[in-house]
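# A look at the structure
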Amino acid sequence: MIRAEALNQANSILKDYNLSLKILSIVLRKEVSFTFSHLNEDLKKKEEKKFFEIIKKLKEGNPLGYILRKEKFYGLELELKEGVFIPRPETEFLVEYVLKLNLQKNAKILDIGTGSGAIAIALKKNKRNFKVFASDISLKALLQAKKNSLKYKTKINFFCADLLESIKGKFDLIVSNPPYIPDDFMKNLPENVKKEPEIALKGGKDGVEIICEIIRMTRDKMRKNGFLIMEIGEGQLKRLRRFGIKEGFRFLDIVKDYNNIERVISFQWLN
């Protein structure tokens, strides 16, 4: 089968040309630009079989990260398994923001709800002198994060904890990509997203319940001038900015994502 024919068949199934092209590139182990410029070439039988197996699973509502058992994030290729939250490109904005901060060389950092370890590993890999700690309530997620950390030879201290419970000491920086989807929105999520762990998505009635709890709990875990940086949901900025200031933080900044959505909020603890 010609690659172009396979691509057209996949597009007719998924109704998403770019995704179909991405899957074909993954199967061929080539960049998308290369695949697009070589669509007139033949697809090998084993490549064709693998390609349509992936397309079928996607059509059934399975997340691509679970099908491939991996996901790329900030130059990393993180291994995944079902039951572990799949890192998103939007979260790279948080990592980028942190790496531009004027933190001391051996800053002590905590990643709350680390999932696959994406944020913690990306920070440690780029700043080897950072002292990085990471927590998650899910043992399955922590085991996966540890595996990914070993892959990239990043020394990270992992803890099984509900947010900051049982976490001792104070930190120069606390980061999190917490659950921030409002409860009423959960039923309308795409089928592939519904297959990810609900605990990593569901953020309470207004979507800010857990974020507000993190802000409250971090007050006693921050060193003077320490930073609190979190990913947030669309339309949540004003409420969270007010809440953070009320709890004693100084609001610093908001970073917008690829879709111009207010995505990363930052505070500083001055007490």
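Let me sum up the structure you'll find in this document. (Residues numbered from 1 in each chain as written. Predicted model: local features only at pLDDT ≥ 70, side-chain atom pairs only at ≥ 80, totals over all residues. Heavy atoms only, no water.)

## So, the sheet that holds strand β8 (residues 249-256)
- Taken in spatial order, the seven strands of this open sheet run β5-β4-β3-β6-β7-β9-β8, and their pairing is mixed. At either margin of the open sheet sits one strand with a lone partner, and together these are β5 (156-160) and β8. In this sheet, adjacent strand axes meet at a mean angle of 20° when their direction is disregarded.
- With five bridges connecting them, strand β6 (residues 171-176) and strand β7 (residues 222-231) associate as parallel partners. In the strand pairing of β7, valine 175 is matched with isoleucine 229.
- Contacts from helix α8 (residues 139-151) reach β4 (131-136) and β5, with the element oriented near 175° to β5. (Pairing = 2+ DSSP bridges. Helix = DSSP H or I, 4+ residues; strand = E, 2+ residues; numbered from the N terminus. Axes fitted to C-alpha atoms, helices over the stretch in contact; angles between N-to-C directions. Contact = heavy atoms within 4.5 Å.)

## Quick notes on the nonpolar core
- One finds Val98, Leu103, Leu173 and Ile229 to be the most contacted residues of the largest nonpolar core, which totals 32 residues.
- Within the residue set of this core, elements represented by two or more residues are β2 (76-79), α6 (92-99), α7 (118-126), β4, α8, β5, β6 and β7.
- Considering each element in turn, this core owes the most residues, six residues, to α7.
- For leucine 103, the residues in contact, after removing those within four places along its chain, are Val98, Phe130, Asp172, Leu173 and Phe227. (Core = buried A, V, L, I, M, F, W, Y, C linked by side-chain atoms within 4.5 Å. Buried < 20%, exposed > 50% of the residue type's maximum accessible area, 1.4 Å probe, protein only.)

## Comments concerning a positive patch on the surface
- Among the surface-exposed residues, Arg29, Lys44, Lys46 and Lys50 lie close enough to one another that they form a single positively charged patch.
- On the secondary structure map, lysine 50 appears in helix α4 (residues 45-59). (Patch = residues over 30% accessible without salt bridge, like charges linked within 9 Å, V, L, I, M, F, W, Y side chains within 5 Å. Areas by Shrake-Rupley, 256 points an atom, 1.4 Å probe, with all protein chains shown as cover. Salt bridge = Lys/Arg side-chain N within 4 Å of Asp/Glu carboxyl O. Lys, Arg positive; Asp, Glu negative; His and termini not counted. Charge placed at Lys NZ, Arg CZ, Asp CG, Glu CD.)

## A closer look at the environment of phenylalanine 73
- Tracing the chain through its elements places phenylalanine 73 in strand β1 (residues 70-73).
- Distance in space between the C-alpha atoms of phenylalanine 73 and isoleucine 86 is 9.7 Å, their sequence separation being 13 residues.
- The residues contacting phenylalanine 73, other than those within four sequence positions of it, are Leu78, Pro87, Arg88, Thr91, Glu92, Val95, Ala118, Ile119 and Ala122.

## Examining the pairing of strand β9 (residues 262-269)
- Within β9, seven of the eight residues are buried, which leaves the element mostly enclosed by the surrounding structure.
- Of the strand pairs in this sheet, β7 and β9 are connected by six bridges, and their pairing is antiparallel. In the sheet register, isoleucine 229 faces β9, and the bridge partner there is serine 266.
- If you look at the hairpin formed by β8 and β9, you'll find five residues sitting between the two strands, and asparagine 260 has a positive phi there, around 65°.

## Considering the packing of aromatic side chains
- Taken as a whole and judged by the stated rule, the model has seven aromatic pairs.
- Considering the side-chain rings of phenylalanine 51 and phenylalanine 52, the 5.1 Å spacing of their centres and the 70° angle between planes classify their relative orientation as edge-to-face.
- We classify phenylalanine 51 as buried; its relative accessible area is 0%.
- In this structure an aromatic cluster arises from ring pairing among Phe249, Phe251, Phe267 and Trp269.
- Between lysine 108 and the ring centre of phenylalanine 171, over which it is positioned, the NZ or CZ distance is 4.8 Å. (Phe/Tyr/Trp six-rings, centres within 6.5 Å; stacked < 30°, edge-to-face > 60°. Lys NZ or Arg CZ within 6 Å of the ring centre and 35° of its normal.)

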